[in-house]
Amino acid sequence: MPLSRLSPTRFVHHRSGSAAVEFAILAPALLAILLGIVAFGSFIGTAHSLQNAAGEAARAAVAGLDPTERAMLATAAAQRSIAGSGLLRTDALVVDAKPDPDDPDLFTVTLRYDLKTTLLNLLPPVVPFPQTLSRSASIRRGGL
């Protein structure tokens, strides 16, 4: 179409390309929402997997005869559980398994996970998130 045939009123009503402009305006917001969903889902999945591993480690500690053996069994169970999960890495895990200082019949397993190894690194540094995630599980020795 020659340029002379485009009048100002015809140009205002011309709609080709409007979808591309609207997409260019909305795409950054939609991309930010999608990235937030992925990061939050990664955090929730990590927290859930870590809590499950802490529970398994505490249950495995029951078989130990003394606190040293219980700590060894709990650490091995936590490492196995983390290795079996496709989401977590064993090299980012710290296991602290010991009797509770207030109640010697209670054995507590605390797992600390370095979140720098997760998808949370995709977030820009302006978004605050914890550097480590900690989950605990306790089990009573000797019944009720």
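Cut-offs and rules
Sequence positions are assigned chain by chain, starting from 1 and proceeding in written order. At least 70 in pLDDT is required for a residue's local features to be given in this predicted model, at least 80 for side-chain atom pairs to be given and counted, and no such filter applies to totals for whole chains, interfaces and linings, which use all residues. Hydrogens and water are ignored here; the side-chain numbers use all heavy atoms of the structure. Secondary structure elements are taken from DSSP: a helix is a run of H or I of four residues or more, a strand is a run of E of two residues or more, and numbering for both begins at the N terminus. To sort residues, take the accessible area from a 1.4 Å probe on protein chains only and compare it with the maximum for the residue type: under 20% means buried, over 50% means exposed, and anything in between is partly exposed. We call two residues in contact whenever any of their non-hydrogen atoms come within 4.5 Å of each other. Areas reported as accessible are Shrake-Rupley estimates using a 1.4 Å probe. Residue values count occlusion only from the protein chains shown. Here the axes come from fitting lines to C-alpha atoms, over the contacting stretch only for helices, and the angles between their N-to-C directions go from 0 to 180 degrees. By convention the crossing between two helices is left-handed if the near helix lies anticlockwise of the far one by an angle smaller than a right angle, and right-handed if it lies clockwise. In this classification, the charged set is Asp, Glu, Lys and Arg, the nonpolar set is Ala, Val, Leu, Ile, Met, Phe, Trp, Tyr, Cys and Pro, and all remaining amino acids, among them Gly, are polar. To count toward a patch, a residue needs a relative accessible area above 30% and no salt bridge. Like charges then connect within 9 Å, nonpolar side chains (Val, Leu, Ile, Met, Phe, Trp, Tyr) within 5 Å. Each reported salt bridge corresponds to a side-chain nitrogen of Lys or Arg within 4 Å of a carboxyl oxygen of Asp or Glu. To estimate how far a helix should reach, multiply one less than its number of residues by 1.5 Å. In this description, one arc is meant: the one made by directions from the helix axis to the C-beta atoms. Strand pairing requires that DSSP identify at least two bridges connecting the strands.

## Concerning the overall build of the protein
Right, on to step 1. Counting its secondary structure elements, the protein contains 3 helices and 3 strands.
Right, on to step 2. Walking the protein from its N terminus toward its C terminus, one meets helices and strands in the order α-α-α-β-β-β.
Right, on to step 3. Counting across all 144 residues of the protein, residues that qualify as buried make up 26%.
Right, on to step 4. Considering only intrachain contacts with a sequence separation of at least 6, the fraction spanning at least 24 residues in the protein is 57%.
Right, on to step 5. Put simply, the protein shows about 9,500 Å² of open surface, and 65% of that area lies on carbon and sulfur atoms.

## With respect to the environment of leucine 87
Right, on to step 1. Mapping leucine 87 onto the fold places it in the loop between helix H3 (67-84) and strand S1 (93-99).
Right, on to step 2. Considered as a pair, leucine 87 and threonine 117 are 30 residues apart in the sequence and their alpha carbons are 10.0 Å apart.
Right, on to step 3. Residues contacting leucine 87, with those up to four places away along its chain left out, are Ser42, Gly45, Thr46, Ser49 and Tyr113.

## Examining the packing of helix H2 (residues 18-61) against H3
Between two packed helices, what matters for the description is the angle formed by their axes and the separation of those axes.
Right, on to step 1. Between H2 and H3, whose axes approach to 8 Å, the crossing angle comes to 145°. Judged by the twist between their axes, the crossing of H2 over H3 is right-handed. Here Leu50, Ala53, Glu56, Ala57, Ala60 and Ala61 of H2 lie close against H3, whose contacting residues are Arg70, Leu73, Ala74, Ala77, Ala78, Ser81 and Ile82.
Right, on to step 2. Tallied by class, residues from the contact of H2 with H3 come to 10 nonpolar, 1 polar and 2 charged.

## Side note on a nonpolar patch on the surface
Right, on to step 1. A cluster of nonpolar side chains, contributed by Val21, Ile25, Leu26, Leu30, Ile33 and Ile37, occupies part of the molecular surface with about 620 Å² of accessible area.
Right, on to step 2. Tracing the backbone shows isoleucine 37 in helix H2.

## Thoughts on H3
Right, on to step 1. Over its 18 residues, H3 runs 26 Å from end to end, which matches the ideal 26 Å to within 8%, given 1.5 Å per residue.
Right, on to step 2. Within H3, the full set of buried residues consists of Arg70, Ala71, Ala74, Ala77, Ala78, Ser81 and Ile82. Buried residues of H3, seen end-on, are gathered within an arc of 135° and therefore sit on one face of the element. Exposed residues lying more than 90 degrees from the buried face of H3 are Thr68, Met72, Arg80, Ala83 and Gly84.
Right, on to step 3. On the buried face of H3, the contacting elements are H2, S1 and strand S2 (106-114).

## Describing the sheet that holds S2
Each strand in a sheet pairs with another by means of backbone hydrogen bonds, the pair being arranged parallel or else antiparallel.
Right, on to step 1. In spatial order, the strands read S1-S2-S3; together these 3 strands make up an open sheet with antiparallel pairing. Edge positions in the sheet fall to S1 and strand S3 (132-140), since each has one partner strand and no second. With direction set aside, neighbouring strand axes in the sheet form an average angle of 15°.
Right, on to step 2. Note that S1 and S2 share 7 bridges and pair antiparallel.

## Observations concerning the pattern of salt bridges
Right, on to step 1. In this structure the tally under the stated criterion is 3 salt bridges.
Right, on to step 2. Put simply, aspartate 103 and arginine 140 hold a salt bridge, and the shortest N to O gap is 2.8 Å. Placement of the pair is aspartate 103 in the loop between S1 and S2 and arginine 140 in strand S3, with a sequence separation of 37 residues.
Right, on to step 3. For aspartate 103, a relative accessible area of 21% corresponds to the partly exposed category.

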